[in-house]
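Now for the letters of each chain:
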Amino acid sequence: MTHIHNSARGRAAFAPLAALACGALAVPLQKGCASVPVVTRPWSPPPASADDRVGVCPIISALSTTPHLVLEGEGGLDDVVLPVASFLVRAGGNLFLVDAGVAAAERRALPAGAADLVMGFAYSPAASVAAQLAGAGIRSAQLAAVLLTHAHLDHAGELEDLPGVPVVLSEPEAQSLGALPAPVRDFSTGRAAAAWQLLAARMRVVRFPEGPLAAVDILPGGAMSLRFTPGHTPGSMSVVVSSAGGTEVMLGDAALSARHVRDLVKKGPGGRVLDADPELAWRTVNRLHAWMDGHPDWRLRAAHDEQAVRERFRFRACARDLLR
Ligand SMILES: [Zn+2]
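Reading the values: the criteria
Residues numbered from 1 in each chain as written. Predicted model: local features only at pLDDT ≥ 70, side-chain atom pairs only at ≥ 80, totals over all residues. Core = buried A, V, L, I, M, F, W, Y, C linked by C-beta atoms within 7 Å. Buried ≥ 20, exposed ≤ 12 C-beta atoms within 10 Å, placed from the backbone. Helix = DSSP H or I, 4+ residues; strand = E, 2+ residues; numbered from the N terminus. Pairing = 2+ DSSP bridges. Axes fitted to C-alpha atoms, helices over the stretch in contact; angles between N-to-C directions. Arc of directions from axis to C-beta. Contact = placed C-beta atoms within 7 Å. pLDDT = per-residue confidence, 0-100.

With respect to the nonpolar core
1) Next: In terms of nonpolar packing, the biggest core is built from 77 residues, with L88, F96, L143, V146, L147 and L169 touching the most fellow members.
2) Next: Top element by residues in this core is strand β5 (residues 79-91). It accounts for six residues.

The structure is reproduced here in structure tokens:
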């Protein structure tokens, strides 16, 4: 377990990237800008580790209350409570964070109370990802990277509260940030383009190969990989971790729940309105459905799956087991 606590190991595995002038292989995050080089491999995997333990711990940083009808297009006006989940992942002797909570972005994006009215988010600073990691004795320096499924404010909210941690995101997602109208604060990402620019030096922008559900390996041997699952945002991606104990797929918002993939449930109007490209999002759900057909035992974890609400008091115990 020593390597889990050795922050330098995970960090050193990333090629050092300086902010460059805008170039052919770079994603400009702002006009006339420093920009971020694009890589086909965001991560030089560490040498084979004796530590082959794999584990996933959900971190629920907020709850959101939405009428069922709005979300699913059925089920009446009764409220459903959805979590905002990030995940602490142990794999290849490193700790990763999949997505980075809502709290900080919500504070930045909207006046106090307004986000609660508009988005139905309810959170407390004590439930922030950074606070829950600290409560489990985990410093941000121990995280090898934040794997950002997409750049919405409820997934990228706390990046500033995790200083220095590399942020891995897809090329189309980074490009969409570059298209934000600076200096106006963007509602869906919770930041102005200038705020994203301040994060540029930490970004590792991944170029996926062509094709549906294209994959980029994070760890060798399929132990951890990214899958391109666009539609909810232009560059949404999912994170897959595999071990002898099983495979888990963290979907971000590529689907609203595991059930939406397994049973091919279409989102209601309130769910679709949050998708940048609802048709592409539905194609992605269909592709995931076909993929999962051969893997009935794989665990699908969507960031807002109502089934995960019950995980909100379990993080500390889960992390204790994960770090053991
Ligand atoms: Zn979300």
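Structural notes on the sheet that holds strand β14 (residues 246-252)
1) Next: Ordered by their spatial adjacency, five strands build an open sheet running β11-β12-β13-β14-β15, and the pairing between neighbours is mixed. Single-partner strands in this sheet number two, and they are β11 (215-219) and β15 (299-302). Between one strand axis and the next, the sheet turns through 20 degrees on average, direction left out of account.
2) Next: Relative to strand β13 (residues 237-243), strand β12 (residues 224-228) runs antiparallel, the two being bridged by five bridges. If you follow F228 over to β13, its bridge partner there is M237.

Some words on helix α12 (residues 315-323)
1) Next: Every buried residue belonging to α12 is among F315, A319 and L322, and all of these are buried. Seen end-on, α12 carries its buried residues on one side only, within an arc spanning 60 degrees. Turned more than 90 degrees off the buried face of α12, the exposed positions are A317, R320 and D321.

Notes on the pairing of β14
Residues in a regular strand project their side chains so that they alternate between the two faces of the sheet.
1) Next: In terms of strand pairing, β13 meets β14 through five bridges, oriented antiparallel. The residue bridging V239 from the neighbouring strand is M250, located in β14.
2) Next: Here β13 hands over to β14 after two residues, the two strands then running antiparallel side by side.
3) Next: Pairing of β14 with β15 involves four bridges; the strand directions are parallel. Among the inter-strand pairings, M250 is bridged to a residue of β15, identified as R301.

Quick word on the environment of V54
1) Next: Residue placement: V54 occurs in the loop between β3 (34-39) and β4 (55-67).
2) Next: Classification of V54 as buried rests on a count of 21 C-beta atoms within 10 Å.
3) Next: If we ignore the near neighbours within four places in the chain, the residues touching V54 are R90, A91, V241, S243 and G245.

Thoughts on the environment of L82
1) Next: On the secondary structure map, L82 appears in strand β5.
2) Next: In sequence terms L82 and Q307 are 225 residues apart; their C-alpha atoms lie 8.2 Å from each other.
3) Next: Dropping the residues within four chain positions of it, L82 is found in contact with L63, S64, T66, H304 and E306.

A short note on helix α7 (residues 171-178)
1) Next: The buried count for α7 comes to seven of eight residues, which makes it a mostly enclosed element.
2) Next: Buried within α7 we find E171, P172, E173, A174, S176, L177 and G178.

Brief notes about unusual backbone geometry
1) Next: Positive phi, normally seen in glycine, also occurs at D99, with a value near 70 degrees.
2) Next: As for its placement among the helices and strands, D99 is situated in the loop between β6 (94-98) and α4 (103-109).
3) Next: Although it is not a glycine, L264 adopts a positive phi angle of roughly 50 degrees.
4) Next: If you trace the backbone, L264 turns up in the loop between α9 (258-262) and α10 (269-272).
5) Next: Its 14 C-beta neighbours within 10 Å are what place L264 among the partly exposed residues.

Some remarks on the pairing of strand β9 (residues 167-170)
1) Next: Residues V167 and L169 line one face of β9 and the alternating positions V168 and S170 line the opposite face, and both faces are buried.
2) Next: Here β9 pairs with strand β10 (residues 203-206) via four bridges, running parallel. Paired with L169 across the strands is V205, a residue of β10.

As for the confidence of the model for the protein chain
1) Next: Taken residue by residue, the protein chain gives an average pLDDT of 81. The fraction at 70 or more is 77%.
2) Next: Across residues 1-26 the pLDDT falls below 50, and counting only partners more than four positions away or on other chains, this stretch makes 42 contacts in the model.
3) Next: In this model, residues 30-35 is a region of pLDDT below 50 whose contacts with residues beyond four sequence positions or in other chains number 18 contacts.

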